[in-house]
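Listed below, chain by chain, are the residues.
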There are 2 protein chains.
Amino acid sequence: MRYAYDVYEDRCPTRLVLDRLADKWALLILDRLEGGPVRFNHLRRDIKLISQKVLSQTLKKLERDGLVTRTVTPTVPVTVEYALTPLGRTLAETAAALTHWAEHNMDAILASQAAYDAARTAQ
Amino acid sequence: MRYAYDVYEDRCPTRLVLDRLADKWALLILDRLEGGPVRFNHLRRDIKLISQKVLSQTLKKLERDGLVTRTVTPTVPVTVEYALTPLGRTLAETAAALTHWAEHNMDAILASQAAYDAARTAQ
DNA sequence: CTCCTTAGTATCCATTGGAAACCATGTTTC
DNA sequence: GAAACATGGTTTCCAATGGATACTAAGGAG
């Protein structure tokens, strides 16, 4: 064990973190916030098909984890800005590697899926 | 857009990949396979609290995506070995960054959660 | 007075996830 | 010779999560 924590252990708190990180919406949100603070409805429009409920819930969890800050400005209507904390920024950089991997290796995966499905259907 | 794909688009196939990657079990399995091929029940014992059903389903999806190979050896009882493909290896390296981030930054997150909860309970 | 915006919450239903039991095959144990 | 154990799963059931939709409050525009 290289660190004080071990993700393979069920009682290890890193599992809780992994639960949070292993969330497609959380990853997309962190990725989206890397360019600077973004408002609630802006996030909703940018991240296609995310529901308000899930966006709200995910942001709350990220805030609780100290990864994003929530800043309310009493304009009319009220504006709420979400931004990465320094800790969140380090995670966003790590998470960006995943989304970039997905964008890079999409073709290989689609080809593999097609071959896999063809092999079963042919039987 | 830097690549032909864009994770923010709902119709983009990268979303499907992100769904796959953004799975705590898939990440743990890929991470676990980095050291070499592992058998089904060995994975089950190593990754604490994963159910057989979910392990089986996740491995099938990873195989379909061309990330792991499944090799059956007709011993008695039959042995089934799972191993990373070259593509899977590149992903496992990327995913490892996430699990290591979790192990590294656990303390900061637990502290933030405690502060967050204390602030609400105090009211 | 009505509609539009903001940032959510409430409600309902479908899908997913986990726990446990079951299966086929064959070896060892009693 | 029957019971128990190993392998690698599948099946079944229930609880939890996710998504679609509708609704809220506060104020500005027409």
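Relevant structure appears above.
Read on for an overview of the structure. Throughout this description, residue numbers start from 1 for each chain and increase along the sequence as written. Lettering for chains starts from A, numbering for ligands starts from 1, and both go in the order in which the items are written. Local features in this predicted model are restricted to residues whose pLDDT is 70 or higher, and side-chain atom pairs enter the listing and the counts only when it is 80 or higher, whereas totals over whole chains, interfaces and linings include all residues. To get the side-chain values, all heavy atoms of the structure are used, and hydrogens and water are removed first.

**Here we look at the protein's contact with DNA strand C**
So, step 1. Of all residues adjacent to DNA strand C, which total 20 residues, the nearest are A:Q52, A:S56, A:R70, A:Y82 and B:K53.
So, step 2. A:S56 places a side-chain nitrogen or oxygen 2.9 Å from a phosphate oxygen of DNA strand C.
So, step 3. Only DSSP runs of H or I covering at least 4 residues are called helices, and only runs of E covering at least 2 are called strands; the numbering of each starts at the N terminus. A total of 4 residues in the surface near DNA strand C trace back to one element, the largest contributor, which is helix α4 (residues 52–64) of chain A.
So, step 4. We call Asp, Glu, Lys and Arg charged. Ala, Val, Leu, Ile, Met, Phe, Trp, Tyr, Cys and Pro are nonpolar, and the rest, Gly among them, are polar. Taken together, the residues of the surface near DNA strand C break down into 9 nonpolar, 5 polar and 6 charged. For this description, a residue counts as near a given molecule or strand if any of its non-hydrogen atoms is within 4 Å of it. Each polar contact in these results corresponds to two N or O atoms within 3.5 Å; when the atoms are within protein, one needs to be able to donate a hydrogen and the other to accept it, and residues that are neighboring in sequence are counted only if both atoms are side-chain atoms.

**Regarding the interface of chain B and chain A**
So, step 1. Residue-level contacts link 57 residues of chain B with 57 residues of chain A.
So, step 2. Simply put, the buried area is the total loss of 1.4 Å probe accessible area from both parts when two parts are fitted together. Buried area between chain B and chain A, both sides added, is near 5,500 Å², and the carbon and sulfur share of it is 64%.
So, step 3. The largest share of the area that chain B buries against chain A comes from B:Y8, B:R64 and B:E103, three residues that together contribute 14% of it.
So, step 4. For this document, the term salt bridge refers to a Lys or Arg side-chain nitrogen within 4 Å of an Asp or Glu carboxyl oxygen. Linking chain B with chain A are 2 salt bridges, by the criterion used here.
So, step 5. Here B:D117 makes a salt bridge to A:R64, at a shortest N to O gap of 2.8 Å.
So, step 6. The interface formed by chain B and chain A holds 12 residue pairs in polar contact (both at pLDDT 80 or more) in total.
So, step 7. Mapped by element, the contributors of at least two residues to the side of chain B that touches chain A are α1 (14–21), α2 (24–33), α4 (52–64) and α5 (86–121) of chain B.
So, step 8. Looking at which element gives the most residues to the side of chain B that touches chain A, the answer is α5(B), with 23 residues.
So, step 9. Across the side of chain B that touches chain A, the residue classes tally to 26 nonpolar, 10 polar and 21 charged. It only takes one pair of heavy atoms within 4.5 Å for two residues to be counted as in contact.

**Side note on the protein's contact with DNA strand D**
So, step 1. In the vicinity of DNA strand D, 21 residues are found, and the nearest of them are A:K53, B:Q52, B:S56, B:R70 and B:Y82.
So, step 2. When atoms of DNA strand D within 4 Å of the protein are split into backbone and base, the sugar-phosphate part holds 68%.
So, step 3. Here a phosphate oxygen of DNA strand D and a side-chain polar atom of B:S56 are 2.8 Å apart.
So, step 4. Measuring from a phosphate oxygen of DNA strand D, one finds a side-chain N or O atom of B:K60 at 2.9 Å.
So, step 5. The set of elements that each furnish at least two residues to the surface near DNA strand D consists of α2 (24–33) and α4 of chain A together with α3 (40–46), α4 and β3 (79–84) of chain B.
So, step 6. For the surface near DNA strand D, the class distribution of residues is 9 nonpolar, 5 polar and 7 charged.

**Quick word on the packing of aromatic side chains**
So, step 1. Each pair of aromatic rings taken from Phe, Tyr and Trp, with Trp reduced to its six-membered ring, is defined by centres within 6.5 Å and is described as stacked if the planes are under 30 degrees apart, edge-to-face if over 60, and tilted in the remaining cases. Taken as a whole and assessed by the stated rule, the structure comprises 0 aromatic pairs over all chains.
So, step 2. We call a charge positioned above a ring when the Lys NZ or Arg CZ atom is no farther than 6 Å from the ring centre and deviates by at most 35 degrees from the ring normal. In this arrangement the basic side chain of A:R120 is found over the ring face of A:Y116, its NZ or CZ atom lying 3.9 Å from the centre.

**Points about the relation of the copies chain B and chain A**
So, step 1. Copies overlap after least-squares fitting; the atoms used are the C-alpha atoms of residues with pLDDT of at least 70 in both. Overlaying chain B with chain A gives an RMSD of 0.0 Å, the required rotation being 180° about an axis along which the chain moves by 0.0 Å. Here the copies are linked by what is in effect a two-fold axis. Taking C-alpha positions as reference, the residue of chain B nearest the rotation axis is B:A22, located at 2.1 Å.
So, step 2. Counting the interface residues of chain B, we find that 100% of their copies in chain A are interface residues as well, pointing to one common contact surface.

Purely spatial values, then, with no claim about function.
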